[in-house]
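Results of the structural survey
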Amino acid sequence: MEAQLVQAMRGCLRVARPSTNVVRKAAGASLFDGSYDWHSNLFAHWALLVHARRAGDEALAAWVLEPLTPGALLEERARLAEMPRRRRRVFPYGEGWLLQLLAARERPREGAVGTRAWRREIERELLAWLEEQPFPDMPERARKGALEGRRFVGTYRSWAWCWFQLARSRPLGEGVEERLHALYDDKLAPHVPAMLREPASTAYEFLDVPAIAVLAHRVRGGDASLELPDFAPGPELPAAGTLRDTHALGTWISRLWPLAVAARDDAAARAALDAELARDLARTDLWDGDFTVIRHWIPQFLWFTVWLADSGTSGGR
């Protein structure tokens, strides 16, 4: 199972065309080109590096790290610094995966040359955004029609997902963890019960809101008695035939993440997760299909599910 996903992720890196890479579009080049878009490329780099370390696959780790030289990283850092936030259309989601990759690159032997200062920059930017943005993050004026009753978003601008990504990167900056803990206690924790009951996602969203609540709660060190969302296999898998509806696959898979967390210690949850993953992987068109629509990002979401079950939310970098 995992080997198939790793092969698919590797096969989608360093693919120059087609591309919607926001950094390349703005700056003319990007270190993290290929994989159709910038954020999926970063996610795949991180997943492959983590897998290689866990599996003891030194050849794969070397392949992932080969282009990530100090000089190349400094060039990408300069490109991002020149881009105003309004042109970084996937902020803060993309920056969250960049932070994960930079943190993983420093462990255990590659060293911190060219990355620690950049990590602190990203930490400051994400933390400032978290402190500035309101939460719940769905504006009241938008809660109409298909968004009736919604209070939280599962998009690139998800406040809770950004908090999770920053918290689990083990921040380097002085006082960052303390401010993150305060943000969780003051802004996020009071809404976790509501997030677990959030109505169904819209077509644009690709992150399951209840799942984000569970992951953030576990990273914060919340008690294991948190009532997880009820899991029931869907009656049928999404069609996900076009770019317009492909995001449904992200919410479909990410709804498994609380089940993956439970599977670490619960045999019944593990059996349910394995059955669901087997069903999903049997539909190869939904994870190894069209590059533009499916293959550049769905294998990462499935691999992340497997990783959660095996390594948890705070370790296993």
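We now turn to the structure provided with this report. (Residues numbered from 1 in each chain as written. Predicted model: local features only at pLDDT ≥ 70, side-chain atom pairs only at ≥ 80, totals over all residues. Heavy atoms only, no water.)

Remarks on unusual backbone geometry
Pro18 follows Arg17 through a cis peptide bond whose omega is -5°. Note on placement: Pro18 falls in the loop between α1 (2–11) and α2 (22–27). Following Phe91, the chain continues into Pro92 via a peptide bond in cis, with omega recorded as 0°. Here Pro92 is to be found in the loop between α5 (70–81) and α6 (93–105). We note that Ser35 has phi near 55°; this positive angle belongs to a residue other than glycine. (Helix = DSSP H or I, 4+ residues; strand = E, 2+ residues; numbered from the N terminus.)

A short note on the packing of α5 against helix α7 (residues 116–132)
α7 packs onto α5 with a crossing angle of 25° between their chain directions and a minimal axis gap of 11 Å. It follows that α5 is roughly parallel to α7 by the angle criterion. Where α5 crosses over α7, the two elements pack in a sense that is left-handed. Residue-level contacts link Leu73, Glu76, Arg77 and Leu80 of α5 to Ala117, Trp118 and Glu121 of α7. The class makeup of the residues in the contact of α5 with α7 is 4 nonpolar, no polar and 3 charged. (Axes fitted to C-alpha atoms, helices over the stretch in contact; angles between N-to-C directions. Parallel < 35°, antiparallel > 145°, perpendicular 65-115°, else oblique. Left-handed = near helix turned anticlockwise from the far one by under 90°. Contact = heavy atoms within 4.5 Å. Nonpolar A, V, L, I, M, F, W, Y, C, P; charged D, E, K, R; others polar.)

Some points on the side chain of Arg150
Mapped onto the elements, Arg150 comes out in the loop between α7 and α8 (159–168). In this structure the side chain of Arg150 is engaged in a polar contact, spanning 2.6 Å, whose partner is the backbone oxygen of Phe152. Within the local environment of Arg150, its side chain forms a polar contact with the side chain of Glu198, the two groups lying 2.6 Å apart. Dropping the residues within four chain positions of it, Arg150 is found in contact with Met138, Arg143, Glu198, Pro199, Ala200, Ser201, Thr202, Glu205 and Val209. (Polar contact = N/O pair within 3.5 Å; in protein donor to acceptor, adjacent residues only side chain to side chain.)

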